[in-house]
Amino acid sequence: MSVAKIIARRRSCRAYTSAPVPRGHIEQVLDAARLAPSACNQQPWRFAVVTDVERKRTIIEQGFRPGLSMPWANHAPVLIVLGMKKSLLVHRAAVAISKVDYPWIDIGIAGEHLVLQAEELGLGTCWIGWVKPARIRRLVGWPSDVHPAAVITLGWPENPDAPPPQRPRKDLSTLVTWLAES
Ligand SMILES: Cc1cc2nc3c(=O)[nH]c(=O)nc-3n(C[C@H](O)[C@H](O)[C@H](O)COP(=O)(O)O)c2cc1C
């Protein structure tokens, strides 16, 4: 499948079968994330893989913020916590000078590599950003210098042949500034 087709097919998946995801598939999506580019090749991403039913439930109950109801996440056989470890020099110093927050860009790229690799394997994913990072850090046992930024659910979509319609996207004409050639 071409990259274009994978990108066009991907949707946030919020309905999963109970079938487990083989370890090899999980490793493959993590490896796709690992290969992402990053500022100064700092590779700030970290991952925690959660498959245990009770641990998943605890993360969802205690680590997701109230207001957005996400009980469907319990049906995802895998939760991947996406974390960010900032380096002192490149991240804090360079970000202070340039005002460009490189590690956030980096982990966004890594997360989307993961998501697109999952799509190629027929797996569904959904980014979850409505979380309590400090609580999730404690639950996954990460040290204080690793910041949990998001959770990505992973599993086999309940309706692979009838994905939800694409949510509306802004038109390129409202997004792009074409500068005239001089
Ligand atoms: C950084 C980020 C955080 C998100 N957080 C949530 C979330 O907390 N809960 C949720 O159900 N969806 C979440 N989403 C999914 C978005 O709602 C979804 O990507 C968007 O509506 C577009 O739909 P699509 O992914 O099906 O194309 C998040 C997506 C991103 C990229």
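Keep in mind it's a predicted model, so treat the numbers as computed, not measured.

Caption draft 1: Structural view of the pairing of strand β4 (residues 146-155). For β4, a buried count of nine out of ten residues is recorded, marking the element as mostly surrounded by other parts of the structure. Taken together, the five bridges between strand β3 (residues 124-128) and β4 define a ladder with antiparallel strand orientation. Looking across to β4, one finds that W127 is bridged to I152.

Caption draft 2: Fine view of the sheet that holds strand β1 (residues 45-50). One open sheet accounts for four strands, arranged β1-β2-β4-β3; its pairing is antiparallel. A strand with exactly one partner marks an edge of an open sheet, and here the two such strands are β1 and β3. Between one strand axis and the next, the sheet turns by 25 degrees as a mean value, whatever way the strands run. Bridge analysis of β1 against strand β2 (residues 78-85) gives six bridges, and the strand direction is antiparallel.

Calculation criteria
- Residues numbered from 1 in each chain as written.
- Predicted model: local features only at pLDDT ≥ 70, side-chain atom pairs only at ≥ 80, totals over all residues.
- Heavy atoms only, no water.
- Buried < 20%, exposed > 50% of the residue type's maximum accessible area, 1.4 Å probe, protein only.
- Helix = DSSP H or I, 4+ residues; strand = E, 2+ residues; numbered from the N terminus.
- Pairing = 2+ DSSP bridges.
- Axes fitted to C-alpha atoms, helices over the stretch in contact; angles between N-to-C directions.

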